[in-house]
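The residues making up each chain are set out below.
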Amino acid sequence: MPAQNPYEQYQRNKILTATPAEVTLMLYEGAIKFCNIAIMAIEQKDIEKAHVNIRKTQRIIEEFRNTLDRKYPVAEEFDKIYVYVLRRLFEANIRKDKEILEEVNVHLRTLRDTWKEVMKACNKA
């Protein structure tokens, strides 16, 4: 059996040992990363790469929607944001429009930063 790449092993262990809050943060970071890759792919006229990375971003947002705990009123507000972001990602994918993706990234960064603040507040409690 070939030796595993130490970086891949580190990444795997990082995910397996993360708390649910940390996994959520990683997913936000991943969505931002994939959106950035899609923007660069559009700039480079690599339509397939743009499509693949927009779809990766969409799948993360879809997962966030599917895992919302709807017993809390704030879940409905997050759902509205996620629906809007998904619609914009769909439009960006159809048009291969980097400006839409840049707008989406602003929303994703805001959501990520809000999540970081929630994590800090919970750690202080």
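Refer to the structure printed above.
In this text, all values refer to a predicted model and were calculated from it rather than measured experimentally.

Asker: Let's hear about the packing of helix α3 (residues 47-66) against helix α4 (residues 74-95): which residues, and what values?
Answerer: To characterise two packed helices, one gives the angle between the axes of the helices and the distance between these axes. Where α3 contacts α4, the axes come no closer than 10 Å and their chain directions differ by 165 degrees. In terms of axis orientation, α3 runs roughly antiparallel to α4. For the pair α3 and α4, the sense of crossing is left-handed. The segment α3 lies against α4, with His51, Ile54, Arg55, Thr57, Gln58, Ile61, Glu62, Phe64 and Arg65 engaging Asp79, Tyr82, Val83, Val85, Leu86, Leu89, Phe90, Ala92 and Asn93. Its residues assigned to classes, the contact of α3 with α4 comprises 10 nonpolar, four polar and four charged.

Asker: Which residues make up the nonpolar core, and what are the values?
Answerer: Note on soluble globular proteins: their nonpolar side chains tend to be buried together. Ranked by size, the top nonpolar core spans 27 residues in total, and within it Ile61, Phe64, Tyr82, Leu89, Leu101, Val104 and Leu108 carry the most contacts. Only α2 (20-43), α3, α4 and α5 (98-124) provide two or more residues apiece to this core. Counting residues per element, this core draws most heavily on α2, at 10 residues. Apart from residues no more than four positions distant in its own chain, Leu108 is found in contact with Tyr28, Ala31, Ile32, Cys35, Thr57 and Ile61.

Asker: Explain the pattern of salt bridges residue by residue, including any values.
Answerer: Tallied over the entire structure, the rule returns 11 salt bridges. Two residues, Glu62 and Arg55, come together in a salt bridge whose shortest N-O distance is 4.0 Å. Taking relative accessible area as the criterion, Glu62 reaches 32% and is therefore assigned partly exposed. Taken together, the salt bridges that share partners define one network made up of Arg65, Arg70, Glu76 and Asp79.

Reading the values: rules and limits
- Residues numbered from 1 in each chain as written.
- Predicted model: local features only at pLDDT ≥ 70, side-chain atom pairs only at ≥ 80, totals over all residues.
- Heavy atoms only, no water.
- Axes fitted to C-alpha atoms, helices over the stretch in contact; angles between N-to-C directions.
- Helix = DSSP H or I, 4+ residues; strand = E, 2+ residues; numbered from the N terminus.
- Parallel < 35°, antiparallel > 145°, perpendicular 65-115°, else oblique.
- Left-handed = near helix turned anticlockwise from the far one by under 90°.
- Contact = heavy atoms within 4.5 Å.
- Nonpolar A, V, L, I, M, F, W, Y, C, P; charged D, E, K, R; others polar.
- Core = buried A, V, L, I, M, F, W, Y, C linked by side-chain atoms within 4.5 Å.
- Buried < 20%, exposed > 50% of the residue type's maximum accessible area, 1.4 Å probe, protein only.
- Salt bridge = Lys/Arg side-chain N within 4 Å of Asp/Glu carboxyl O.

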